[in-house]
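Architecture and fold: a report
The residues making up each chain are set out below.
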Amino acid sequence: MAAITLKNIVKKYGDGFAAVNDVSIDIADGEFVILVGPSGCGKSTLLRMIVGLEDITSGDMMIGDRKVNDLAPRDRNLAMVFQNYALYPHLSVYENIAFPLRLAGAPDQEVDEKVRNASKTLELDEHLERKPGNLSGGQRQRVAMGRAIVREADAFLFDEPLSNLDAKLRGQMRTEIARLQKRLGITTVYVTHDQTEAMTLGDRVAVLKRGYLQQLATPRELYENP
Ligand code: ADP
Ligand code: ADP
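Residues numbered from 1 in each chain as written. Chains lettered and ligands numbered in written order. Predicted model: local features only at pLDDT ≥ 70, side-chain atom pairs only at ≥ 80, totals over all residues. Heavy atoms only, no water.

**Some thoughts on the site of ligand 1**
Counted only if it meets this: The rule for a residue being near a molecule or strand is that one of its heavy atoms must lie within 4 Å of it. Think of a polar contact as two N or O atoms within 3.5 Å of one another; within protein, one of them needs to be a possible hydrogen donor and the other a possible acceptor, and neighboring residues in sequence only count if both atoms come from side chains. We get accessible surface area from the Shrake-Rupley algorithm with a probe of 1.4 Å; when it comes to residues, only the shown protein chains can shield them.
Neighbouring ligand 1 are the residues Tyr13, Phe17, Ala19, Pro38, Ser39, Gly40, Cys41, Gly42, Lys43, Ser44 and Thr45. Measuring from an oxygen atom of ligand 1, one finds a backbone N or O atom of Cys41 at 3.1 Å. Separating an oxygen atom of ligand 1 from a side-chain N or O atom of Lys43 is a distance of 3.0 Å. Taking 550 Å² as the accessible area of ligand 1 by itself, protein coverage stands at 59%.

Encoded structure:
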């Protein structure tokens, strides 16, 4: 787990258009920050720069005490939780969670210990032999988070993870993500265009408008001073 510091971050695309303009945010260790704003305001670009999928044009980015401006995604130790969860349908829940450890060549005993700990935290221990196709959306999301936990990532990054779900499931998952994030205490950056998610999920909300950081406040502050 680690703090994430964005300092005067600018992203200009080829044509000189600044999709992100002088954005500075200090995200504390364990904090849950929402990036919100209308389509095109630069939130995906900002998230992609944090993960390392997009270069920064200027500014500085720190994860913990490491400057990561030029670091490849695999060296940043972050876990992006994708919209479709990117689970392997033919693998059990256990093997889906174990996957990054297997890839890294971890011994069976270590794999087993970490998978069992993560699945207990995520309340998946009774579902370890099941396949993702038979799970609920919420359970699938937890498997995806489990994979990130065993990798001991420094932070979770979500890009509109609930946007494909119906309203009822979205409400349930919202509650679930907030609860899990608090329990895990893992630094989290969560992109959404949904005001309800922005106002109910996070510790602080960063409102982006046309590439600028327009507001950075707690949901309560935003509610009282919109
Ligand atoms: P959001 O996620 O808030 O919808 P984006 O970060 O995707 O916004 O996009 C911010 C702005 O940058 C938009 O105006 C978009 O058209 C532009 N943009 C995004 N990706 C590229 C790209 N690869 N090349 C040029 N412009 C882009
Ligand atoms: P490898 O290159 O080790 O075979 P992958 O292609 O799965 O493994 O991932 C490459 C690197 O990208 C990994 O070492 C990991 O640090 C990072 N990575 C993998 N999955 C994610 C993810 N969901 N979010 C962020 N980083 C990831």
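**Structural notes on the site of ligand 2**
Put simply, the rule reads: Elements are defined by DSSP. Helices are runs of H or I of four residues or more, strands are runs of E of two residues or more, and each kind is numbered from the N terminus. Residue classes follow a fixed rule: Ala, Val, Leu, Ile, Met, Phe, Trp, Tyr, Cys and Pro count as nonpolar, while Asp, Glu, Lys and Arg count as charged, and any other residue, Gly among them, counts as polar.
Ligand 2 sits among Arg74, Leu78, Ala79, Met80, Phe82, Leu103 and Arg151. Backbone polar atom of Leu78 to a nitrogen atom of ligand 2: 3.1 Å apart, as the coordinates give it. Within the backbone of Met80, one N or O atom sits 2.7 Å away from a nitrogen atom of ligand 2. With 3 residues, the single largest contributor to the shell around ligand 2 is strand β6 (residues 78-81). Residue composition of the shell around ligand 2, grouped by class: 5 nonpolar, no polar and 2 charged.

**What about the side chain of Glu54?**
Heads up, the rule is: Any two residues whose heavy atoms approach within 4.5 Å at even a single point are treated as in contact.
Here Glu54 shows up in the loop between α1 (43-51) and β4 (58-63). A distance of 3.2 Å separates a polar atom in the side chain of Glu54 from a polar atom in the side chain of Arg48. When near neighbours in sequence (up to four residues on either side) are disregarded, Glu54 contacts Lys11, Tyr13, Arg48 and Met49.

**Points about the side chain of Arg142**
Mapped onto the fold, Arg142 is located in helix α4 (residues 137-150). For Arg142, the contacting residues outside a window of four places in its chain are Leu122, Glu123, Leu124, Glu176 and Leu180.

**What about unusual backbone geometry?**
Our working definition: Relative accessible area decides the class of each residue, using a 1.4 Å probe on protein chains only: under 20% of the type maximum gives buried, over 50% gives exposed, and in between gives partly exposed.
If you check the backbone angles, Asn8 has positive phi at about 50° while not being a glycine. Relative to the elements of secondary structure, Asn8 occurs in strand β1 (residues 4-12). Classification of Asn8 as partly exposed rests on a relative accessible area of 37%.

**Examining α1**
Along α1, 7 of the 9 residues are buried, which leaves the element largely enclosed by surrounding structure. Along α1, the residues that are buried comprise Lys43, Thr45, Leu46, Leu47, Met49, Ile50 and Val51. Positioned one or two residues after α1, Gly52 has a phi angle of 100°, which is positive.

**What about the environment of Arg130?**
By the element assignment, Arg130 lies in the loop between α3 (108-121) and α4. Looking at Arg130, the relative accessible area reads 30%, which means it is partly exposed. In terms of polar contacts, Arg130 uses its side chain to reach the side chain of His127, at 2.9 Å. A distance of 2.8 Å separates a polar side-chain atom of Arg130 from the backbone oxygen of Asn134.

**Quick word on the environment of Ser92**
Relative to the helices and strands, Ser92 is located in the loop between β6 and α2 (93-103). Classification of Ser92 by relative accessible area gives buried; the value is 11%. For the pair formed by Ser92 and Leu71, sequence separation is 21 residues and the distance between their alpha carbons is 33 Å. If we skip the residues at most four places from it in the chain, Ser92 touches Leu128, Glu129, Arg130 and Lys131. Of note is the side chain of Ser92, whose polar atom sits 3.1 Å from the backbone nitrogen of Glu95.

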